Amino acid sequence: MTDPRSTPGRLWNRRAAIDGIRALLPMAPPVPAFGLVFGLLVTESEVVGRLAGLASGFLIFGGSSQLTAVLVLDEGGGALLAIVTVLVINARHVMYSAALQPRFRDTPRWFRIIGSHVLVDQTFAATEPRPDTDSLDYRVSHFLTAGAVWMVLWLGAIATGILIGNVIPASWSLDFAVPLLFLALLINAIRDRPGVAAAAVAGAVAV
């Protein structure tokens, strides 16, 4: 349904921004622990410095690919191998882009450039359920707000992990945050019986 507060000629919609934040909230709880895991990995790395680790949160903006890139570099892999690894892991974002293309085909070029950078699992999960009939200002405001908020959360989590990650006891086993983050995406995506069946089959095959 098109937002009734839509204003022709404008690309900011306050209601859409609030809805974008609300859509992300169920996926946010595992982020601090995930950031601590990555921050600790960076502080223990002999190859990746703390500033580079923090910058990767903005430049790569993908937790699983960032973790893997640091591990590859620490194991002696070259920069080219790390880049290829990141590209392979993030290849799923191409499918996200294709799925959202009909929704954003009429948006300005600047939005498509910025939006492509913040298109990650969480922003896709927050955006995909929305109808294509939302007004242009609603679609733009909803997506960019979700992307900006998620980036701030992720960068804050990484910074915290880098600052205090080395004082976290190993007994806390924060590695659980990585699958938990994707489990939140799965739960958010299951909305009908076929979805439940697909998740069950995928889980059985994985086991």
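Notes on the structure in this doc start here. Worth saying up front: this structure is predicted, and the values here are computed from it rather than measured.

All told, the structure shown has seven aromatic pairs when counted by the stated rule. Between F34 and W154 the ring centres are 5.1 Å apart and the planes differ by 70°, which places this aromatic pair in the edge-to-face class. You can see F34 sitting in helix α2 (residues 31–44) and its partner W154 sitting in helix α9 (residues 136–164), a full 120 residues away along the chain. Here F34 and W154 have matching classes, each one buried. Among the aromatic residues, ring-to-ring pairing joins F104, W110, F111 and F143 into one connected group.

Our next topic: a nonpolar patch on the surface. A grouping of L80, V84 and V88 is seen on the molecular surface, where their side chains present a nonpolar patch of about 300 Å² in accessible area. Relative to the assigned elements, V84 resides in helix α5 (residues 79–89).

Positionally, E44 belongs in helix α2. Taking the C-alpha atoms as reference points, E44 and D74, separated by 30 residues in sequence, lie 9.6 Å from one another.

The contact between α2 and helix α3 (residues 50–59) brings their axes to 9 Å, and the two run at 150°. Here the hand of the crossing between α2 and α3 comes out right-handed. Together, F38, V42 and T43 of α2 and R50, G53 and S56 of α3 make up the contact between the two elements. Grouping the constituent residues of the contact of α2 with α3 by class yields two nonpolar, three polar and one charged.

Calculation criteria
Here the residue numbering is sequential within each chain, running from 1 through the sequence in written order. The predicted origin of the model limits local features to residues at a pLDDT of at least 70 and limits the giving and counting of side-chain atom pairs to 80 or more, whereas totals for whole chains, interfaces and linings rest on all residues. For the side-chain quantities, the full set of heavy atoms in the structure was used; hydrogens and water were omitted. The criterion for an aromatic pair is that two Phe, Tyr or Trp rings (for Trp, the six-membered ring) have centres within 6.5 Å, with stacked assigned to planes under 30 degrees apart, edge-to-face to planes over 60 apart and tilted to the rest. Under the scheme used here, helices are H or I runs from DSSP no shorter than 4 residues and strands are E runs no shorter than 2 residues, and both carry numbers assigned from the N terminus. Under the scheme applied here, a residue whose accessible area is under 20% of the maximum for its type counts as buried, over 50% as exposed, and between as partly exposed, the area being computed with a 1.4 Å probe on protein chains only. Patches draw on residues past 30% relative accessible area with no salt bridge. Two like charges within 9 Å are joined, as are two nonpolar side chains (Val, Leu, Ile, Met, Phe, Trp, Tyr) within 5 Å. The protein chains shown are the only cover counted for residues, whose accessible areas, like all others here, come from Shrake-Rupley with a 1.4 Å probe. Between Lys or Arg on one side and Asp or Glu on the other, a salt bridge is scored when a side-chain nitrogen of the former is within 4 Å of a carboxyl oxygen of the latter. Whenever a helix is involved, its axis is fitted only over the stretch in contact; in every case the axis is a line through C-alpha atoms, and angles between N-to-C directions fall within 0 to 180 degrees. Should the near helix be turned anticlockwise from the far one by less than a right angle, the crossing is left-handed, and should it be turned clockwise, the crossing is right-handed. Residues count as neighbours in contact if any of their non-hydrogen atoms are within 4.5 Å of one another. Here the term charged refers only to Asp, Glu, Lys and Arg, the term nonpolar to Ala, Val, Leu, Ile, Met, Phe, Trp, Tyr, Cys and Pro, and the term polar to all other amino acids, Gly among them.

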